[in-house]
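# Summary of structural features
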Amino acid sequence: LFLFTTWNSIFFILGYFFDKRLERKFFNKKIGLLLILLSIASIIVSCIMIDYQSTLDIDYYDEEFLRAFIVIPTVTLYYWTKMIFDEITINNSWCIILEELGGAVLGVYVLEQFLRERTEIIYESLSGNIGRLLASIIWISVAWLIGVIIVVLIRRIRIIRKLI
């Protein structure tokens, strides 16, 4: 259901717009650098707002307001990724790997919460030794890798492949 809310729809619409509606001449470094500056500004404003909210004497946290500032950095990342990868030709072996990973995205998304709960022991055992951030990165990477392996193996089953 969350995929169809107004907030998340903006990313699908912007992706379609950038991919199908913008002409190639729009993708240049000058506009890309402008988007980077706007991204930096939106992150700074978001940090200022978070700092301001922490000084308030209430338990109200306006995540919807702060979420609005993520659109510009997301657009910037997509813009630069598209601009860079439109110029790159990928060999066949990388295409196969990328197709497998791309085909596994939905399955990993469906399994993600289940896998995080089952692999949380990784975080718990590492966080005291190497810090919470690095432990989180390792934990989520392992959960993601297990998810990719499970989905790729399930997609190899003939009956499942016919359904997909």
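So, a few notes on the structure that sits alongside this text. (Residues numbered from 1 in each chain as written. Predicted model: local features only at pLDDT ≥ 70, side-chain atom pairs only at ≥ 80, totals over all residues. Heavy atoms only, no water.)

### What to know about the overall build of the chain
- What the chain contains, in helices and strands, is eight helices and zero strands.
- Listed by position from the N terminus, the elements making up the chain come as α-α-α-α-α-α-α-α.
- When burial is assessed residue by residue, the chain has 21% of its 164 residues classed as buried.
- If you sum the accessible surface of the chain, you get close to 12700 Å²; carbon and sulfur atoms cover 69% of it. (Helix = DSSP H or I, 4+ residues; strand = E, 2+ residues; numbered from the N terminus. Buried < 20%, exposed > 50% of the residue type's maximum accessible area, 1.4 Å probe, protein only. Areas by Shrake-Rupley, 256 points an atom, 1.4 Å probe, with all protein chains shown as cover.)

### Description of the packing of helix α2 (residues 29-55) against helix α4 (residues 71-85)
- Look at α2 against α4: their axes get within 8 Å of each other, and the N-to-C directions meet at 155 degrees. As the angle between them shows, α2 and α4 are arranged roughly antiparallel. Helix-helix and strand crossings are classified by hand; for α2 and α4 the assignment is left-handed. Seen from α2, the contacting residues are K29, I31, G32, L33, L35, I36, L38, S39, S42 and I43; seen from α4, they are I72, P73, T76, Y79, W80 and M83. (Axes fitted to C-alpha atoms, helices over the stretch in contact; angles between N-to-C directions. Parallel < 35°, antiparallel > 145°, perpendicular 65-115°, else oblique. Left-handed = near helix turned anticlockwise from the far one by under 90°. Contact = heavy atoms within 4.5 Å.)

### Thoughts on the packing of aromatic side chains
- Under the defined criterion, the tally for this structure stands at one aromatic pair.
- Geometrically, the ring pair formed by Y123 and W139 is tilted, given 5.4 Å between the ring centres and 40 degrees between the ring planes. Here W139 lies in helix α7 (residues 132-155) and Y123 lies in helix α6 (residues 120-130), a separation of 16 residues in the sequence. Both residues of the pair, Y123 and W139, belong to the buried class. (Phe/Tyr/Trp six-rings, centres within 6.5 Å; stacked < 30°, edge-to-face > 60°.)

### Looking at a nonpolar patch on the surface
- Taken together, the side chains of I84, F85, I88, I90, W94, I97, L98, L101, W144, L145, I149 and L153 make up a nonpolar region of the molecular surface, amounting to roughly 1100 Å² of accessible area.
- Secondary structure elements with two or more residues in the nonpolar patch: α4, α5 (92-118) and α7. (Patch = residues over 30% accessible without salt bridge, like charges linked within 9 Å, V, L, I, M, F, W, Y side chains within 5 Å. Salt bridge = Lys/Arg side-chain N within 4 Å of Asp/Glu carboxyl O.)

### Remarks on the side chain of K82
- Note that K82 resides in helix α4.
- With residues up to four places along the chain from it excluded, the contact list for K82 reads F18, D19 and F27.

### Description of the packing of α6 against α7
- One can describe the packing of α6 onto α7 by two numbers: an axis separation of 8 Å at closest approach and a directional angle of 155 degrees. Here α7 runs roughly antiparallel to α6, going by the angle between their axes. At the point where α6 passes α7, the crossing takes the right-handed sense. Only R132, L134, A135, S136, I138, W139 and V142 of α7 make contact with α6, whose side of the interface consists of E120, I122, Y123, L126, S127 and I130.
- Residues belonging to the contact of α6 with α7 are distributed by class as follows: nine nonpolar, two polar and two charged. (Nonpolar A, V, L, I, M, F, W, Y, C, P; charged D, E, K, R; others polar.)

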